[in-house]
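# Summary of structural features
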Amino acid sequence: MAGVRAAGILSRIYTSRYCLFAGHASRNFTVSSAVLVRSHVSYEVKDDVAVIRINNPDSKVNTLSIPMQREMAEVMNEVWANGAVKSVVLISSKPGCFIAGADINMIQACRSAEEVTALSQEGQKMFEKIEKSPIPIVAAINGSCLGGGLEFALACQYRVATKSRKTVLGTPEVMLGLLPGAGGTQRLPKMVGLPSAFDVMLTGRNIRADKAKKMGLVHQLVDPLGPGLKDSDVRTVEYLEEVAVGFAKGIVNKSIPLTKRKGIMQKLQDYAMGIPFVRQQIYKTVTKRVMNQTKGLYPAPLKIIECVKAGLEKGSEAGYLEESQNFGKLAMTPESKALVGLYQGQVACKKNRFGTPEREVKNLAILGAGLMGAGIAQVTVDKGVNVILKDTATEGLSRGQDQVYKGFNAKVKKKSITSFERDTTMSCLTGQLDYSGFERVDMVIEAVFEDLSIKHKVLKEVEAVTPPHCIFATNTSGLPIKDIAAASKRPENVIGMHYFSPVDKMQLLEIITTDKTSKDTTASAVALGLKQGKIIIVVKDGPGFYTTRCLSPMLAELLRLLQEGVEPKKLDLLTTSFGLPVGAVILADEVGIDVAAHVGKTMTKAFGSRLDGGNIEVVTTMVEKGFTGRKAGKGFYIYEKGSKSRNINPAAEEILKKFKLSAPPSVSSDSDVQYRLVSRFVNEALLCLQEGILSNPMEGDIGAVFGLGFPPFLGGPFRFVDAFGADKLVQKMKKYEEVYGNQFTACQLLQDHAKDSSKKFYK
Amino acid sequence: QVTNYVMVSAKKFARENLFSLLLVQTKSKKTLAKPGVKNIVLVEGVRTPFLLSGTIYNDFMAHDLARAALLGLLNKTSLPKDAVDYIVYGTVIQEVKTSNVAREAALGAGISEKIPAHTVTMACISANQAITTAVGLIAAGQCDVVVAGGVETMSDMPIRHSRKMRKTMLTLNKAKTLSQRLTLLSKIRLGYLTPELPALTEFSTNETMGHSADRLTAAFGVSRREQDEFAFRSHSLAKKAQDAGLLSDVLSVNVPGKGIVSKDNGIRPSSMEQLEKLKPVFIKPHGTITPASSSFLTDGASAVLLMSEEKALAMGYKPKAYLRDFVFVSQDPKDQLLLGPSYATPEVLEKSGITLDDIDVFEFHEGQILANLKAMDSDWFAQTCMGRKSKVGVLPIEKLNLWGGSLSLGHPFGATGARLVTAAVNRLKKEGGQYALVAACAAGGQVVFDL
């Protein structure tokens, strides 16, 4: 859908480019004491400094796996026993990764909360030893230092980090429904103060090195080096080691102080935090904010607050106990399992299963400089691809170019790029009104108006001016690709690329292939999407493909509910409390009532009575009156610039009254309202798998969560069916079917799962 | 005072370009003369004493210094003022009032107003750019006698109002009524009054030069000790040259109210122990560059007289050297900022068909010279970064900067290029060599002088 803006915090949190918890293969639980060969940790003594190097074999990242922890403990004991060693430097041998976190397989392999708690306690013990080390340990950080990796670093006495862009620190556990379970909830507040600690742990966001220094998370920064006598990555790590060794020696001879002198603000803050009443107020405020944002559907943030509170109010022993127990409990929650599943799905959807394309897309043309077209340009032009942005009118073109500029300028203001980088990036974007230069273009993405005849017209124009290898990608939300491809001389080069608006924020890209689309074309489209930083699902062609198709019956039901007199505000409340990031009525306004009407008609034509529900007349009347949603300022709500509160549009209410239907009491409870909406969504998703539109349940879940805002803690429609129980869902649907008819008929796949409870989409 | 020593905007002045020039004295080796190209000769080169900024030249504007160099050159060569065909000067931080500083200096020196003059800028090699511009004018037959030089003063710098304040003031110009003016004035906030200093950072990368230099030395593994030793060498050699009267290019300049200056005042030979005590100035606390291993802020001007060989001989001059060849190269401004000499040296040698061993005199700008020496001696660097089959080779340090360099003599950004050339020529004569190679970063290139 052109305007789906599912912008809840929890649907945005999976942006991490870094591996938080890598699925590392070594799950070696039978530890033989005879094994002396170390594969993960090694060390050498330089003067009186022991340099310990971490390097997981056969993996791009280091994770805190069982063998690594075992070897680390051995090495530490040896170092401590060696009287000649006066200090330690801890460093990774991998160029872009310090330690990316705990090994998630290690946690997934546990069958009970107690097992996970035991793991957490192991970690706590190990880091306690590090913290109490008789000789100073300097953590030299280059690359990702996340989760358990950061907790490890926090336990060290001193931290030095490179200023590289790859260096990020953070505790992303909350995004997996977990908490920092190896002392993080206890050490962070002491190190950076209560407010910052909550910020770091509750958002799970990545913190860049310079910010980390400001917060007090690291002591010193080291600049990354350019190429010299060696490769810059290699030399940078060497340099980091040299500098860290220098600091280690400095700490021993007391020329480097371990504690930073505190500024006045810091002292004031510390003083305030010393007052129990102030702390209580902070807990309260933070809890309230979390409840606001999560509706209490996510247990992890609340547990994090509990752990911090226990540590500060009842002492660290209680704090550590609370942390390990809550960690165990959280690991067993369905929310955590769903979030971990999404994370793994996301990793899978960041790979190109169609192989490397024959040619890389170096020159891209985008037709239409609207919100979509400009958005696509924005996410492409800074990836080393030359982009032509073509429109038919100067006004549209200049608006589009401005949009791209604003996007990059915002990054300059946030200091994530320099103004110079913005300018060089912008110089790769050419705005134009004609087809000049299209003879060099490798791919064209059209984002013109959703009308088959217009799409045919541009397709023919494009094919007349582009080279034979050029791919024609159409950004449509509903028109079947094969219908568009019908006008093409080269249907093997035609593919659908369904972006979600706003393109720079929404992570999903739905790629649609027809029977004629060649594998190389698909590989090219996926490769470009990955370059743009998208999470990609590849689906078969059909009306509405996957995402639009799932959304349509739900919107039809929404309309029905509105006609039955459910207040829009109440509907929004019911849907957000179910876990949708945006209320369903607001979503309809965001998508655009006209778009919804247009898609609704096409979809009804294709699917007939399964799209029954509300009366399409309601929306067509609204469109006639100009209530096309947010973009027009009026839809079901009234939108005013600068004002955040939304009022109901009385004129839309009038229309709804005109089409009012009575609400059957047997299926109109709050919970029924929720399940009527959700069951139709989920049923349609399963139908897509049944019909082969989707190639697997995982892509279906990823598409629903990242494209449509399906509640992340449920993990997507397929995981939802597994967890909720297909039989229970079918029962509910039967009840609705009796009242409303066959739009609630459970599809065959759902019925099969209902009949045989051993059938699951995820093992 | 440490700040005085800090290469404030070194980065600004040493951009991504590199320069190298080959000078030749005709003796036993090849002449390197090119068929069909005029022989261009250096008749004489001079400079004002290079002084620490904020000292004796405190009240001078850049054109005053440039004029002093120009007049000194004319006096030394007894060149009639009407014999000059063209004047080119290089400068980096421009005084907006005298943006064409070459022209102001020429007019002030009493050179005919009919003689054109222009100013060029190319960071630390601005004067080299001025010289090669002159070479181009002579080679093209446009001119026979050209004065090229460079000037810089860091005692005075254009400090501006903030952009917001400037905008308000410019709008104020256009305001017609009192109420319009008052409205505009009422919009001025305290923050508007924050002055804007000349950029201390490279525009494209936002990194200060010193910072960049420190990263570069780390990338090439240049130790603190090596840098201290090199700084010590530079100051000691400069002191020796000064005492022995070898710096014959230095003019005596009368500074009104302050007397006559005839010596550089930045040469401070000290001991290794003292150097070891200095703290790093850019990357703290673990950087390796100290005030001693970076050039101090300097004021000064330089000038050279270039002619076609025929003209010089016709006017009765005995040319000091031929300017044979030069190249400018450009690199990534982030990681290769100060590596110009490494790139430019092999190029100019290849162009001239000679090798490193043939060169008798090396005059390199002392901006991270140690990293450059290591780069030239590295096969990895040659293959990976320069696209060459093998390393350039070991530069014989016993032929390098024997009369001091930018670390000890100082580095007035726009003027250094002409100092290097003159020093190379004078050393060629004194040491009896034939080829001299001049290289500088910020802009790169080298010239071969053949005498």
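Below is a summary of the structure that appears in this document. Keep in mind it's a predicted model, so treat the numbers as computed, not measured. (Residues numbered from 1 in each chain as written. Chains lettered and ligands numbered in written order. Predicted model: local features only at pLDDT ≥ 70, side-chain atom pairs only at ≥ 80, totals over all residues. Heavy atoms only, no water.)

## Observations concerning the nonpolar core
Residue and element names in this part refer to chain A. The condition is simple: To form a nonpolar core, buried Ala, Val, Leu, Ile, Met, Phe, Trp, Tyr and Cys residues must be joined to one another through side-chain atoms within 4.5 Å. A 1.4 Å probe rolled over the protein chains alone gives each residue an accessible area, and that area as a share of the maximum for its type sets the label: buried under 20%, exposed over 50%, partly exposed in between. Secondary structure elements follow DSSP: runs of H or I of four or more residues count as helices, runs of E of two or more count as strands, with numbering from the N terminus.
Y546, F636, F720 and L750 are the most contacted members of the largest nonpolar core, which totals 110 residues. Here this core takes eleven residues from helix 27 (residues 670-690), the largest share from any one element. Among the nonpolar cores identified, the runner-up in size contains 74 residues, and L64, V116, F198 and Y343 belong to it.

## Focus on the packing of helix 27 of chain A against helix 29 (residues 717-724) of chain A
Residue and element names in this part refer to chain A. Our working definition: Axis definition: a line fit to C-alpha positions, over the contact stretch in the case of helices; interaxial angles, taken between N-to-C directions, run 0 to 180 degrees. Orientation labels follow simple angle bins: below 35 degrees gives roughly parallel, above 145 gives roughly antiparallel, 65 to 115 gives roughly perpendicular, and whatever is left gives oblique. By definition, turning the near helix anticlockwise from the far helix through less than a right angle yields a left-handed crossing, and turning it clockwise yields a right-handed one. We call two residues in contact whenever any of their non-hydrogen atoms come within 4.5 Å of each other. Classification used: nonpolar for Ala, Val, Leu, Ile, Met, Phe, Trp, Tyr, Cys and Pro, charged for Asp, Glu, Lys and Arg, polar for all others including Gly.
At their nearest, the axes of helix 27 and helix 29 sit 9 Å apart, and the two run at 115° to each other. Compared by their axis directions, helix 27 and helix 29 come out roughly perpendicular. At the point where helix 27 passes helix 29, the crossing takes the left-handed sense. Here Y675, V678, F681, V682, A685, L686 and L689 of helix 27 come into contact with helix 29, specifically with P717, F718, F720, V721 and F724. For the contact of helix 27 with helix 29, the per-class residue count stands at twelve nonpolar, no polar and no charged.

## Side note on the interface of chain B and chain A
Counted only if it meets this: In short, buried area is how much 1.4 Å probe accessible area vanishes from two parts on joining, totalled over both. The rule for a salt bridge is simple: a side-chain nitrogen of Lys or Arg has to be within 4 Å of a carboxyl oxygen of Asp or Glu.
On the side of chain A, 19 residues touch chain B, which itself brings 20 residues to the contact. For the pair chain B and chain A, the summed buried surface comes to about 1600 Å²; carbon and sulfur atoms form 63% of the total. When the buried area of chain B at its contact with chain A is split by residue, A219(B), H286(B) and W380(B) rank highest and sum to 34% of it. Where chain B packs against chain A, one counts zero salt bridges. Within the residue set of the side of chain B that touches chain A, elements represented by two or more residues are helix 8 (209-219) and helix 14 (379-384) of chain B. Per-element tally for the side of chain B that touches chain A: the top contributor is helix 8 of chain B, with four residues.

## Quick notes on helix 9 (residues 224-243) of chain B
Residues and elements named next belong to chain B. Note the cut-off: In a helix, the anticipated span is given by 1.5 Å times the number of residues less one.
Here helix 9 is 20 residues long and its end C-alpha atoms lie 29 Å apart, about the 28 Å a rise of 1.5 Å per residue gives. Along helix 9, the positions that sit buried rather than exposed are Q227, D228, F230, A231, R233, S234, H235, L237, A238, A241 and Q242. On its buried face, helix 9 is in contact with helix 8, helix 10 (272-277), helix 13 (369-376) and helix 15 (406-409).

## Quick word on the packing of aromatic side chains
Short version of the rule: Each aromatic pair joins two rings of Phe, Tyr and Trp (for Trp, the six-membered one) with centres within 6.5 Å, and gets the label stacked for planes under 30 degrees apart, edge-to-face for over 60, and tilted for any other angle. Comment: the charge-over-ring label is applied if NZ (Lys) or CZ (Arg) is within 6 Å of the ring centre and within 35 degrees of the ring normal.
For the coordinates displayed, the defined rule picks out 19 aromatic pairs over all chains. Taken together, a centroid distance of 6.4 Å and an interplanar angle of 70° make the contact between F710(A) and F720(A) edge-to-face. Here the residue F710(A) occupies a position in the loop between helix 28 (697-708) and helix 29, and F720(A) occupies one in helix 29, the gap between them amounting to ten residues. For F720(A), a relative accessible area of 4% gives the class buried. Where Y343(B) meets F381(B), the ring centres are 5.8 Å apart and the plane angle is 70°; that geometry is what we call edge-to-face. One end of the pair, Y343(B), is in helix 12 (residues 340-352); the other, F381(B), is in helix 14, with 38 residues separating them in the sequence. This pair shows no difference in class: Y343(B) is buried, exactly as F381(B) is. The structure contains a cluster of three or more aromatic residues connected by ring pairs, namely F578(A), Y675(A), F681(A), F710(A), F720(A) and F724(A). Over the aromatic face of Y675(A) sits the side chain of K732(A), whose NZ or CZ is 4.6 Å from the ring centroid.

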